[in-house]
Each structure stands twice: as structure tokens, then as C-alpha cells.
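Coordinate analysis (summary)
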Amino acid sequence: MDERTVRALKAGDVVFIDGTIVTGRDEMHMRALSLKKDARPPNGLKGATLYHCGPIMQRENSKWKVIAAGPTTSARMNSLEAEMISRYGIRAVIGKGGMSGDVLEAMKEHGCVYLAAIGGAAVSLAECINEVKGVEWEDLGMAEAMWKFEAERFGPLTVAMDAHGSSIYNDVASKVNGTLKKYHS
Amino acid sequence: MIKVPEPLEDVIVNLLRLANTKLPEDIGWALEAAAAWETNDIARSQLGGIMDNVKKAEFAGRPMCQDTGIPVFYVTGKIIPGTEDAIRSGLRKATDTIPLRPNTVHPITRKNPGGNLGKGMPIIRYRPTDDNFTEITVIPKGAGSENMTRLAMLNPADGIDGIKKFVISAVLEAGGRPCPPTVVGIGIGGTADRCVELSKEALLVPADSVNDDKDERELEEELFTILNSSGLGPMGLGGDTTVLKVRVMTECCHTASLPAAVNISCWASRRATVKISADGSAEYRQK
């Protein structure tokens, strides 16, 4: 995805993705950010569509097959994502549950969106993956490795945080805070 | 002596397959009911996607969620010798064949020994009785929701209002992280450790069964209404459906204590039970 496409998206839009997506969770983020500035990052990370996902994979006749691949909780990567976006030019983050204010800021500054996948829709989303193109950092284990998937009509994904500072989660939080306050006065 | 019809290891594989690939009916009904009353468009699409995925998982015999969790086993009745070894080897086999995601790691080194095994894993709770049969229940629960677990050692003076405040904060501050709509297990009483256990055991009770303890039921109903009117909605994207069920379980506690624990399950509130009778037959169920 290029920056123009990303900037054209607005919170509330529903999209499907065709093309390459790479997975990454806690360990992948930590390793990517621990690379020396002049080190070559793994192919496919620069400008990636980054999917917060630890899939179930199975090897069949020496080829990898995706069994289940729903999103993981993005908030765990809150403290790491802004730097991922600025350093590797991540254009879209797919996950669930949303991310913090500083990530929203980084998305606005660098041109990136947060796409909410349906949590737990692991079989439906695995069916949108046509091919496993490779895996990096396999030593991190099945859930934490960086998998590269070729996807077709991957979704539905809700643009939940856009590149203009809008976030559905912020809108929902202001409503939810009403309930919290009511019972904490 | 209970005759075992097939290797107990294979009974464990079957049990894990059932729990991971088929959502209990009562949870499915709760999702359908929620989809019918939901007024928010994004929320409706989330619920539709969830129900679609449940059907696909059952049809394909694949885990409905990639996070096949940390399975906790409850073994009750007449304990069959060798149960622990069978659960361990069954879990390893299930991890390879179903397959499940190998989730267990050492907490400090983060090394993954594979097979969902390792020090202390899997977690097995025994409650022997004089019955002539054995029941093994498994609850595989993912980390997204387990990470939202909370314990509060409240003061007796905090009372029922203190408990309500605590539960409301725990569920709403968790936001979209535990994959709402959730099932909320609440333990009240016991000691600190027992209270947390109770909150997880509350997740084992079918959502369509009515609590016959009046105090527990009234609290369940009130919290259900408050949480669903909060606006958090499926996946925290807004809507009328934040929880599918609130289940309270109480036990007596110290006169100076009021322990309360919240254990949230994602919408994929998975569980399965096998009853092994004296004649060696194995009956599986999700109620």
C-alpha cells in the first residue's frame, strides 16, 4: 500500500486486502527494533502491511499451510509500534482491540492506518490466505515468527484508526467512560 | 475399576478436538440472540463474522481461534491411574494432529519446549469423589482474555457496591482486548487463590442455565444490563453487545475479607467434558 491509498482511508471504512501481509507480535517487534540501524531488515518488512497474528501453521509435503490465523491483541505492542512505523514505514497494522494515543500520532505523522480484524475469526481469515511466501525468524516459534502471506480479499477489516487522527476506539471510550463514572461517583 | 475403551491419551485428543473446533450450543445461541437485538452496523458485521467463522471451524474441523490457549483440565470422580501421563501425552498428540498452537514458554527465558508442555503444564485440577465414573473437563482459554483477569481483596465495608464497581471497571477497562462479546466469570469469597479459581470455574457453567442462588442471579442480571448498556460492543468497536453472559459463583470467606475475582472469556468460550463410565464407554458433551 502506498501513502496516498492509506491517507484516503477514513475511520469507519470497511476494506479487504489483496497482496502481501507479514505477521508480527511481541517478539518480532522486539527483534526488529533491536537491529542495528545499519543492519539489513528481513525482506518484506519495509513498508509492510503488518498483521498482529500468531497463526497455527502445519507443514504438508514440505510446504507450509495456514490452519488458523485470527488477530491477536494489539495493545501488547503499544510501546513498540510507533517506532516500527517510523523506522520501517509500516503502512497498515491489522489487529484487534486498538492501540494507544502515541501510535495514533505516529500513524498520522508517517501515514499508516489501523485495521480491525474480527477477533477469533481465525478460520475465515485463514481462508483468505492463498500462499505462504516464507518465514523469517522462525527460531522465535510458530506464534512469534514473521510469516509472509499472500492474501486475497483478506477481511472484512474496519478502518478503526486512520491517518488523520480519528479513532473509533476514542469515540467508544468517551461513551464507555460515562458508565464508568456513573458507578464510581 | 474403570475399563478404558481406547487409550486414555486418545480420549484426551478427542476432548481437545471437540473443545477447540465446536462452540458450545449455549454460547452459539447467545451470539444469535445478540445479533438479533444489536442495532450498531459495525457490531452486527462483527457478530456476523464471528458466527460465520464458528460454522466454518466446525465444518472444517479446525480450531475456531488460532489461540488455542492454555488448557486447564478438571478431573473429578474416580481418578483413573495414569490420568496425568495420558493428559500430557494426549495434549502433545493433539498439538501435532489437530493441530493446536504450541503456546507454552518458560516465563523468564521465553523458550518454548513445544507440545504445550513444560514445567507445570498442563494445569490439572483433581476433585476425587466416590462415584464409579470419571469426568474430565477441559477449558482452553486464550491469553487475550486471560490477561484481563483481576483479583481484588476488598474490605467487607465495600460490600456489593464495591464488587459491582470492581467488575464494571475490570470489564470496561479491558476494552476490546479480550475479544468481546465476552462471558464474564466472577468469583466472590474464598481465599485469594480460591477466588481466582472460582472465577474461572464460573466459565464452565452453560450460559443458558439459570442460577438458582437468588443473590448470585440478581447480581448477574444487574451487571449484564449495565455492561451491555455501556456501548463498548463487539471487539470494542461500539454497540449493544459487550457481554454474552455474566456468571457469579460465591463461597464463604474470612469475616475480615471480601475477595472478588473477574475472569473474562472471549466470545469463543470453549469447553468440553468426557464422562468415562465403569464399562469403559466414553461420552462427550459440552454442557
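This section reports on the structure supplied with the text. (Residues numbered from 1 in each chain as written. Chains lettered and ligands numbered in written order. Predicted model: local features only at pLDDT ≥ 70, side-chain atom pairs only at ≥ 80, totals over all residues.)

Focus: the overall build of chain B
Note the threshold: Put simply, DSSP marks the helices as runs of H or I at least four residues long and the strands as runs of E at least two long, and each gets a number from the N terminus on. Our radius of gyration is a C-alpha quantity, and the globule rule it is checked against amounts to 2.2 Å times the number of residues to the power 0.38. We call two residues in contact when the distance between their C-beta atoms, placed using the backbone, is within 7 Å.
Scanning chain B for helices and strands turns up eight helices and nine strands. Relative to the compact-globule value of 19 Å for 287 residues, chain B shows a C-alpha radius of gyration of 19 Å, a close match. Each principal axis of the C-alpha distribution contributes one length, and for chain B these read about 50 × 50 × 45 Å. At a minimum sequence separation of 6, the contacts of chain B that also span at least 24 residues come to 80%.

What to know about the interface of chain B and chain A
A common way to report how large an interface is uses the accessible area buried once the components associate. Filter applied, for reference: When residues are grouped by polarity, Ala, Val, Leu, Ile, Met, Phe, Trp, Tyr, Cys and Pro land in nonpolar, Asp, Glu, Lys and Arg in charged, and all others, Gly among them, in polar.
The interface is formed by 42 residues belonging to chain B together with 38 residues belonging to chain A. Looking at the side of chain B that touches chain A, the elements with two or more residues in it are helix H3 (41-60) and helix H6 (159-174) of chain B. It is H3 of chain B that contributes the most residues to the side of chain B that touches chain A, ten residues altogether. The class makeup of the residues in the side of chain B that touches chain A is 19 nonpolar, 16 polar and seven charged.

Describing unusual backbone geometry
Rules: The burial criterion counts other C-beta atoms lying within 10 Å of a residue's C-beta, which is placed from the backbone; the residue is buried at 20 or more, exposed at 12 or fewer, and partly exposed between these limits.
In this structure, the amide linkage connecting glycine 155 of chain A to the following residue, proline 156 of chain A, adopts the cis form with an omega of 5°. Structurally, the position occupied by proline 156 of chain A is in strand E8 (residues 146-161). The omega torsion across isoleucine 98 of chain B and proline 99 of chain B is -10°, close enough to zero to call that bond cis. For proline 99 of chain B, the position within the fold is in the loop between helix H4 (83-97) and strand E2 (123-128). Of note in this structure, cysteine 179 of chain B is not a glycine but carries a positive phi near 60°. With respect to the element layout, cysteine 179 of chain B can be found in the loop between H6 and strand E5 (182-189). Note on cysteine 179 of chain B: 32 C-beta atoms within 10 Å, which makes it buried. Backbone geometry places methionine 235 of chain B, a non-glycine residue, at a positive phi of 60°. Residue placement: methionine 235 of chain B occurs in the loop between helix H8 (214-228) and strand E6 (243-251).

Concerning the packing of helix H2 (residues 25-37) of chain B against H3 of chain B
Residues and elements named next belong to chain B. Our working rule: Between the N-to-C directions of two axes lies an angle of 0 to 180 degrees, each axis being a line fitted to C-alpha atoms and, for a helix, fitted only over the stretch in contact. The cut-offs work like this: below 35 degrees is roughly parallel, past 145 is roughly antiparallel, 65 to 115 is roughly perpendicular, and the gaps in between are oblique. Crossing chirality is assigned from the near helix's rotation relative to the far helix, an anticlockwise turn below a right angle marking it left-handed and a clockwise turn marking it right-handed.
One way to put it is that H2 packs onto H3 with a least axis distance of 10 Å and a crossing angle of 150°. Compared by their axis directions, H2 and H3 come out roughly antiparallel. Note on packing geometry: the crossing formed by H2 with H3 is left-handed. Across the interface between the two elements, Gly28, Leu31, Ala34 and Ala35 of H2 pack against Arg44, Leu47, Gly48, Ile50, Met51 and Val54 of H3. Taken together, the residues of the contact of H2 with H3 break down into seven nonpolar, two polar and one charged.

Remember, this is a structural readout, not a statement about activity or role.
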